[in-house]
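Chain by chain, the residues:
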Amino acid sequence: MFIAAIVSGIVIFLLAMVAASAGWKFYDARRKKQVADMLQTASGENVAPIANLLKDIDPDAPTGLKLLLSKLQFSRHAQEQIQQAGLNWSASRLLIAMGLAMIPGLGIGAWTKILLNGTTSAIVFAIITGMIPYMIVRHKRTVRLNKLEEQFPDALDFLARSMRAGHAFSISLEMIGEEMADPLGQEFRALFNEQNLGAPLDIALRNFTQRVPLLDVRFFASSVMLQKQTGGNLSEILSRLAYVIRERFRLKGQVKAASAHGRLTATILALLPIATMIGLLMVAPGYLQSMAADSDGKWMIGGAIFAQILGNFFIKKIINIKV
């Protein structure tokens, strides 16, 4: 019973950490959307409908499971994550994979019964295993966006040199799509194909920024549209933008090195209570048993877990310096 209570506390702690991280990401996304809406209102411009001339992953009208996902607002989020990860999945396929992944968790939880009872163990383990496909998509998305961010300064230099050589902007996009390695070459090919098939440049660039949600890509789209409206030397603008991006990478590396001590401290503070508890269970199994059996001790354990989560949240906010 004591071991089950300890394991339950650890699982609840991990689930609370995941929930806190997901909540913060949702809040940050909503805040960015509010700022974008405010800027759109201040500029007095109407949002133009996005015309995607390329083939969609799910072009048909939603029915059945797809209709349910669209009502739950999961379909759009999942489709964006999948597209940014470079996968050919659909939102319904991801949900089916998550449902299938929950089956082993149900079996493990019902068999082990380490969390209070078999039902609670089955539900908790099913949630944990069911999130594995979604976490795989998130991991692939992060890896792909990091690769795109590394390739982007070289792509801007390529565009600048091509335009200095006398090529038009659209021809330069075609050349960079053919010459650059994937995944950035794939995204520039999609950008060129949309423009070549008749989509306006601003719409094609907006779709490009949605497929590649990076700050540098937004700078690039803004620079191109500003040059189109006001004129100027676009090749020089792109060269300076590539220089700024590389300097930002250098500054980001310095910040990451300076905050390494804070990240190490956060990791140690997160793992130290768990390691101490496991060590006490191995050395003196009955040392913590009285606290877990006492009603006040259970509240103390719950308060310690909550304080641990809160402390890690604030440490993460302190060391997460955006450049």
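Residues numbered from 1 in each chain as written. Predicted model: local features only at pLDDT ≥ 70, side-chain atom pairs only at ≥ 80, totals over all residues. Heavy atoms only, no water.

### Here we look at the side chain of R138
Part 1: When you line up the elements, R138 lands in helix 6 (residues 132–164).
Part 2: Summary of buried charges: R138 has no salt-bridge partner, and the nearest side chain of opposite charge, E80, is 8.6 Å away.
Part 3: At a separation of 2.7 Å, a polar atom in the side chain of R138 contacts the side chain of Q81. (Helix = DSSP H or I, 4+ residues; strand = E, 2+ residues; numbered from the N terminus. Buried < 20%, exposed > 50% of the residue type's maximum accessible area, 1.4 Å probe, protein only. Lys, Arg positive; Asp, Glu negative; His and termini not counted. Salt bridge = Lys/Arg side-chain N within 4 Å of Asp/Glu carboxyl O. Polar contact = N/O pair within 3.5 Å; in protein donor to acceptor, adjacent residues only side chain to side chain.)

### Some points on the environment of M131
Part 1: You can see M131 is positioned in the loop between helix 5 (118–130) and helix 6.
Part 2: Take M131: its relative accessible area is 30%, and that puts it in the partly exposed class.
Part 3: Sequence spacing of M131 and L95 is 36 residues, and the spatial spacing of their C-alpha atoms is 9.8 Å.

### Side note on the packing of helix 7 (residues 169–179) against helix 8 (residues 184–196)
Part 1: Their axes nearest at 8 Å, the elements helix 7 and helix 8 cross at an angle of 145 degrees. Helix-helix and strand crossings are classified by hand; for helix 7 and helix 8 the assignment is left-handed. Here helix 7 contributes S170, L173, E174, I176 and G177 to the contact with helix 8, which in turn contributes G185, F188, R189, L191, F192 and Q195.
Part 2: Across the contact of helix 7 with helix 8, the residue classes tally to 5 nonpolar, 4 polar and 2 charged. (Axes fitted to C-alpha atoms, helices over the stretch in contact; angles between N-to-C directions. Left-handed = near helix turned anticlockwise from the far one by under 90°. Contact = heavy atoms within 4.5 Å. Nonpolar A, V, L, I, M, F, W, Y, C, P; charged D, E, K, R; others polar.)

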